[in-house]
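What follows is the residue order along each chain.
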Amino acid sequence: MENFGSLLISLITATGLAGLIGLEREFRLQNKLLVESPLGGLRTFAMMGALGFLSAYLTVTYEIAWLLPIVFVMAMFFPLISHAYFVFTKQQFSVISGLALIVSFCIGVLVVFDELYLAIALSILFTGILALRDVLHKMAKKLSADELFAILQFIILSAIILPILPKSWVDPFEFFDWRPQAVWLMVVFVVSIRFIGYFLAKIIGGEKSILFSGVIGGFVSSTAVTMGIAQQSKGKNALIIFLAPILVASGIMFFRVLLEVAVVTQGKNQLLSLLLLPLGIFGGGSILLTGFLLFYRKRARKQVAATPIAIDQPLQLTSALSFGIFFLAVLLFSDKIGQYFDTSGLYLTGAVAGLTDVDAITLAMANLVTIGSLEADIAARVILLAVTVNTLVKLSIVFVFGSALLFRKLTISLVGIFAIGLVMYLFLLVG
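Because the structure is a prediction, the values reported are computed rather than measured. (Residues numbered from 1 in each chain as written. Predicted model: local features only at pLDDT ≥ 70, side-chain atom pairs only at ≥ 80, totals over all residues. Heavy atoms only, no water.)

Engineer: Before we go on, may I ask you to explain the overall build of the chain in this structure?
Structural biologist: Looking only at helices and strands, the chain has 17 helices and 0 strands in total. Classification of the 431 residues of the chain by burial places 43% in the buried group. Sequence-distant contacts in the chain: of pairs separated by 6 or more residues, those separated by 24 or more amount to 75%. Looking at the chain as shown, the accessible area adds up to about 23000 Å², and 71% of this sits on carbon and sulfur atoms. (Helix = DSSP H or I, 4+ residues; strand = E, 2+ residues; numbered from the N terminus. Buried < 20%, exposed > 50% of the residue type's maximum accessible area, 1.4 Å probe, protein only. Contact = heavy atoms within 4.5 Å. Areas by Shrake-Rupley, 256 points an atom, 1.4 Å probe, with all protein chains shown as cover.)

Engineer: In this structure, what is going on with the nonpolar core? I would like to understand it.
Structural biologist: Grouped together as the largest cluster of nonpolar side chains are 27 residues, with contacts concentrated most on Leu271, Leu275, Leu279, Ile383 and Val387. Sorting elements by how many residues they give to this core places helix 16 (residues 376-401) first, with 8 residues. When neighbours within four sequence positions are excluded, Val387 is seen to be in contact with Met253, Phe254, Leu279, Val358 and Phe418. One finds Leu39, Phe53, Ala75 and Ile107 within the second-largest nonpolar core, a separate group that totals 24 residues. (Core = buried A, V, L, I, M, F, W, Y, C linked by side-chain atoms within 4.5 Å.)

Engineer: What is the right way to look at the side chain of Thr265 in this model?
Structural biologist: Tracing the backbone shows Thr265 in helix 11 (residues 240-265). By relative accessible area, Thr265 is classed as buried at 1%. A distance of 2.6 Å separates a polar side-chain atom of Thr265 from the backbone oxygen of Val261. With near-sequence residues (within four places) excluded, Thr265 lies in contact with Leu271, Ala366 and Thr370. (Polar contact = N/O pair within 3.5 Å; in protein donor to acceptor, adjacent residues only side chain to side chain.)

Engineer: Can you walk me through the pattern of salt bridges in this structure?
Structural biologist: Side chains that differ in charge, positive against negative, can pair when their charged atoms come close. In the structure shown here, the tally under the stated rule is 2 salt bridges. The residue Arg25 makes a salt bridge to Glu24 at a minimum N-O spacing of 2.8 Å. The pair formed by Arg25 and Glu24 is uniform in burial state, with each residue classed as buried. As a salt-bridge pair, Asp377 and Arg381 come within 3.8 Å of each other at their nearest N and O atoms. (Salt bridge = Lys/Arg side-chain N within 4 Å of Asp/Glu carboxyl O.)

Engineer: How do you make sense of unusual backbone geometry when you look at a structure like this?
Structural biologist: With phi around 55°, Glu63 is a residue other than glycine that occupies positive phi space. Note on placement: Glu63 falls in the loop between helix 2 (42-62) and helix 3 (67-90). With a relative accessible area of 72%, Glu63 lands in the exposed category. Of note, Asp114 is a non-glycine position whose phi angle comes to about 60°, a positive value. Structurally, Asp114 can be placed in the loop between helix 4 (96-112) and helix 5 (116-131). Its relative accessible area of 64% is what places Asp114 among the exposed residues.

Engineer: Help me out: how do you make sense of the packing of helix 1 (residues 4-30) against helix 2 in this one?
Structural biologist: Two quantities define a packed helix pair, namely the angle between the helix axes and the distance between the axes. With their axes 6 Å apart at the nearest point, helix 1 and helix 2 run at an angle of 145° to one another. The two elements helix 1 and helix 2 meet at a crossing, and its hand is right-handed. Contacts from Leu7, Ser10, Leu11, Ala14, Thr15, Ala18, Gly19, Ile21, Gly22, Leu23, Arg25 and Glu26 in helix 1 reach Leu42, Phe45, Ala46, Gly49, Ala50, Phe53 and Tyr57 in helix 2. Of the residues belonging to the contact of helix 1 with helix 2, the class tally is 12 nonpolar, 5 polar and 2 charged. (Axes fitted to C-alpha atoms, helices over the stretch in contact; angles between N-to-C directions. Left-handed = near helix turned anticlockwise from the far one by under 90°. Nonpolar A, V, L, I, M, F, W, Y, C, P; charged D, E, K, R; others polar.)

Note that all results are geometric; they support no functional claim without further evidence.
Below you can see the structure in the form of structure tokens.
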């Protein structure tokens, strides 16, 4: 701490963050909603944060190693006496308030060690857990064994397996860089779309959850969205509720490409203006068509009762792994194609890049144009080619993993949108 002003601000911060937890406890005390041992309210928790800050500050400043643990034990002594009395008289045992009080003390310590973001996160997290007590209990009651197992699987896939996989791994024969982490990341994306959609369905309904998961996924990976939605459409007669999220995710992808070009070029060359019309038509057409389909479905449902769409299982690991194999095959194909053709052939490069992702080729082309190494019209054609190929990949995913009805209607929708966009683009070039 450099001066008294910064020291005072840090003390107030620690007291306020701890007091936020105490505010929730105080609210339950005042409204007689607290069933466990209270251990105090706003003032108690705020002072606990201040004590944590003070003891840590003195420990660090004067190098008194024993001071911090001694102050912690003394600070917790009286609350523990109060808790013991409550347990003895009420015959009710709970540690939730005690844990919250310990965290309040730790928040003060974290502020001293300049871990402000962690202190804020802990304050918000514990306040949220305490405030959402009834909601969390209701969710736990509704949770089935399959859903709990799915949550554990998802944590293992995303938080344990993904970080330990190597970003690059070339086999002993030096045949191919298999990129385990990139492939597994796509598996996690597909699982996430399914996972988010399932639990959203329990909260807001099956149909709305499918559309909402498509919107979320469109900002991350429209290909993963396509895969997740295609799997859900298999064996179902419904169409619009599966077609809409794929279209809206694709529309978001087109606008994402425009945003990337705008950021890299900073509007200083012609590339953005060349792409604005076709990609704007692609993206705007996809989203407008989605809106029309949803409006049409809403009107139709007023006349004919529709069967609600349900997601059968929270997590389908087999389908996600099959998509991982599919993605790996695309990577292998694109890598070997690059070995037999000169990589200076930008159109081939764009087509190959579009098999897996449009972001990388978009950023590369925009950067080349920005530094003056490539003409804007050539870069625009390469990006459009990559976008087209990527869309064809999505169609192939729906063909393999989705329903035949969804494939036919998605093909008609995307071909129509692309045809209009390409005609407008060619008209612009000729003009």
